[in-house]
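Read off the chains here:
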Amino acid sequence: MSGALAVLAVEEPLLEVTGLTKRYGGRIGCTDVAFDLWPGEVLGIVGESGSGKTTLLRCLAGELAPEEGRVDYTGGAGTVDVLAMTEPERRRLMRTEWALVHQNPRDGLRLGVSAGANVGERLMAAGWRHYGRIRETAADWLGRVEIDPTRIDERPTAFSGGMQQRLQIARNLVTGPRLVLMDEPTGGLDVSVQARLLDLIRGLVRDLGLSAIVVTHDLAVVRLLADRLVVMKEGRIVESGLTDQVLDDPQHAYTQLLVSSVLRV
Amino acid sequence: MTVTDYNFAYLDERTKKMIRRAILKGVAIPGYQVPFASREMPMPYGWGTGGVQVTAACLEPTDTLKVIDQGADDTTNAVSIRKFFERTAGVAVTTSTEEATIIQTRHRIPEADLSEGQILVYQVPIPEPLRFLEPREPETRRMHALEEYGLMQVKLYEDISRHGHIATTYAYPVMVEDRYVMDPSPIPKFDNPKLSDCAAIQLFGAGREQRIYAIPPYTTVVSLDFEDHPFERGGTGHCCALCGARDSYLDEVITDDAGSRLFVCSDTAFCEARRAAGHVGPGAPAGFGEDAA
């Protein structure tokens, strides 16, 4: 009941992307991309390699500067155009209300310090200065991503690939962000580890009421995680809609090709 | 004694002007690392080339110079730098902290209180406190600019998780005037409280890294810590074997190969002044410290 009320109370999208264009010289990274993301929603971005998925995500995360477009984010400080933010504001946003999960956990973790410090870093960056509480919170989060909390003082290099990815997720979610950007979160993991990770992400997204944008080339991933899908080809969005609708009844020729290319066991 | 082939204090006037500009900027922005065009000095890196350049830029013919290395006036580094300025600048030198107008130091702050008008010059090997946590220099500069110091706290967190307490005992990071996190050079954390609200100007020179930074007089300098693991000054719990001082920083000296040891003041000038004033310690083996006295 309260869930239904919460949905009714939502009037504005969390993220409103309009006319986003990024060129690499004469070539197109992504062009005229527009979509809305609503609170509590998971949006999947699919497409083949080179279709502009990662360019789009990096533009949203502020790692690339797009030539045109707006990214309006409605958060704690009202509605702001993320692209027009100053660097300090953007970095503050990225370590409080937003989070970015890299494809390769080594890009998103500090390998030289312990797992606890990796999770605690965002808390300390947010101003936490009580060791006991930081450690307690870090241990709690390790447990939530199914890492044995007794391994809190081990370095991420001692962890398997799947554990590193889960650690990266814990590190990103510890400050309770509203929006999580994920770039191929299951890339490079074997299928059984993938399945557990997807299960975990799905649980966390539902429990915490997160909104997420998941970039992947793996249609099985978005089938499990995403509420809505955006299909990209050559830097443009060619089709969008509810996940089941797009996957079961693809309209665009490219989407049909993509769906029919999935290997079945 | 003075070598006349060199300009006063070895460096040419244009170089000194350039260094003074960097010093002025450093004093204007306490704790901020100012880049400067460090020169080759007639000594190897790691021997205090940064400190020597700062001292050379500050020296006037009327100055009295004191040079200490780990608190002592009579160790190789201190003796050679003191001799260098005696020969190239012809300034008066002293071992007394009170009489000196410029004190160049490696790894210590003198025990005696510094006064207004004095300049304390530190030799700095690595000026960047975030260096071993974030290897990218442009990134650390951005972190300083945006006051993103969560990472510095990560280092202290790691200390506690591994050792049960903050195990950093030297080069203990400090926050200067509530703005910049600074590496106070490898002084023992015992000396950290003396950085704050000091009457003298404190200048830091890193020759190889080409950075100068400063703490102007009466600046607030706070050692970083956690609420539940506050900064502790530490100490040996012993007293000086020669002068009996209990509040000074002590060196542990191994006296034979049977495990005997004793503790003596690291600040030799302080220890000698106390002994001259009649203070006596619990005693040292016969002959120990006599050549210094």
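Next up on the list: the layout of surface pockets. Taken as a whole, the largest pocket encloses approximately 1200 Å³ of empty space. Residue lining of the largest pocket: 37 residues in total, with Arg91(A), Arg110(A), Arg171(A), Arg136(B) and Glu139(B) positioned closest to the centre. Broken down by secondary-structure element, the contributors of at least two residues to the lining of the largest pocket are helix H3 (87–96), strand E6 (98–101), helix H4 (105–108), helix H5 (115–125) and helix H7 (161–173) of chain A together with helix H4 (137–145) and helix H5 (150–163) of chain B. Here the lining of the largest pocket gets 5 residues from one element, more than from any other, and that element is H3(A). What lines the second largest pocket is a set of 27 residues, and nearest its centre among them are Pro129(B), Phe132(B), Leu133(B), Met152(B) and Lys155(B). Along the lines of polarity and charge, the residues of the lining of the second largest pocket split into 13 nonpolar, 5 polar and 9 charged.

The next thing to look at is the confidence of the model for chain B. Averaged over every residue, the pLDDT of chain B is 92; residues scoring 70 or more account for 95%. At the level of chain-chain contacts, confidence expressed as ipTM amounts to 0.84, with global pTM at 0.86.

Turning our attention to the interface of chain A and chain B. Counting from both sides, the interface comprises 23 residues of chain A and, opposite them, 21 residues of chain B. A combined buried area of about 1900 Å² lies between chain A and chain B, and 56% of that area is made up of carbon and sulfur atoms. Area buried by chain A at its contact with chain B is led by Arg91(A), Arg129(A) and Tyr131(A), which between them contribute 39% of it. Linking chain A with chain B are 6 salt bridges, by the criterion used here. Linking Glu148(B) and Arg95(A) is a salt bridge whose minimum nitrogen-to-oxygen distance equals 2.8 Å. Summed over the shared surface of chain A and chain B, the result is 13 residue pairs in polar contact (both at pLDDT 80 or more). The set of elements that each furnish at least two residues to the side of chain A that touches chain B consists of H3, H5 and helix H6 (131–144) of chain A. In the side of chain A that touches chain B, the residues fall into 8 nonpolar, 5 polar and 10 charged.

Right, let's get into the pairing of strand E5 (residues 119–123) of chain B. Residue and element names in this part refer to chain B. Of all 5 residues making up E5, 5 are buried, and the element is well covered by its neighbours. Neither face of E5 is left uncovered, since the one carrying Ile119, Val121 and Gln123 and the one carrying Leu120 and Tyr122 both have all their residues buried. Of the pairings in the sheet, the one linking strand E4 (residues 102–106) to E5 comprises 4 bridges and is parallel in character. When the sheet's bridge partners are listed, Ile102 is paired in E5 with Ile119.

Residues and elements named next belong to chain A. In this structure the tally under the stated criterion is 1 cavity of 30 Å³ or more. Size it by volume and the largest cavity reaches roughly 40 Å³. Ile169, Leu173, Val180, Met182, Ile201, Leu204, Val205 and Leu210 together form the lining of the largest cavity. Mapped onto the lining of the largest cavity, the elements with two or more residues apiece are H7, strand E7 (179–183) and helix H8 (191–208). No other element matches the 3 residues that H8 contributes to the lining of the largest cavity. Residue composition of the lining of the largest cavity, by class: 8 nonpolar, no polar and no charged.

Before going further, it helps to examine the environment of Leu11(B). Residues and elements named next belong to chain B. On the secondary structure map, Leu11 appears in the segment before helix H1 (13–28). Residues Leu11 and Ala56, 45 residues apart in the sequence, show an inter-C-alpha distance of 6.8 Å. When residues no more than four places from it in sequence are discounted, the contact partners of Leu11 are Lys16, Ile19, Arg39, Met41, Gln53 and Ala56.

Conventions used here
- Here the residue numbers are simple positions, counted from 1 along each chain's written sequence.
- Lettering for chains starts from A, numbering for ligands starts from 1, and both go in the order in which the items are written.
- Totals for whole chains, interfaces and linings use all residues, but because this is a predicted model, local features are given only for residues with pLDDT of at least 70 and pairs of side-chain atoms are given and counted only at 80 or more.
- Note that the side-chain values use all heavy atoms of the structure and ignore hydrogens as well as water.
- Using only the protein atoms, space was sampled on a 1 Å grid; points where a 1.4 Å probe fits but cannot get out form cavities, open sets with protein on both sides within 12 Å along at least five of seven lines form pockets, and lining residues are those with an atom within 4 Å of a point.
- Grid points are joined across faces, edges and corners, and a volume is the space filled by probe spheres set on the points.
- The secondary structure listing takes helices from DSSP runs of H or I that are at least 4 residues long and strands from runs of E that are at least 2 residues long, numbered from the N terminus.
- For this scheme, ten residues count as nonpolar: Ala, Val, Leu, Ile, Met, Phe, Trp, Tyr, Cys and Pro. Four count as charged, namely Asp, Glu, Lys and Arg, and the remainder, Gly too, count as polar.
- The quantity known as pLDDT measures the predictor's confidence residue by residue, on a range of 0 to 100.
- We call two residues contacting when some pair of their heavy atoms lies within 4.5 Å.
- Buried area: the accessible area, evaluated with a 1.4 Å probe, that two parts lose upon being put together, summed over both parts.
- One speaks of a salt bridge when a side-chain nitrogen belonging to Lys or Arg is within 4 Å of a carboxyl oxygen belonging to Asp or Glu.
- Polar contact is the term for a pair of N or O atoms within 3.5 Å; when the atoms are in protein, one must be able to donate a hydrogen and the other to accept it, and sequence-neighboring residues count only if both atoms are side-chain atoms.
- A simple rule labels every residue: compare its accessible area, found with a 1.4 Å probe on the protein chains alone, to the largest value its type can have, and call it buried under 20%, exposed over 50%, or partly exposed in between.
- When DSSP finds at least two bridges between two strands, those strands are taken to pair.

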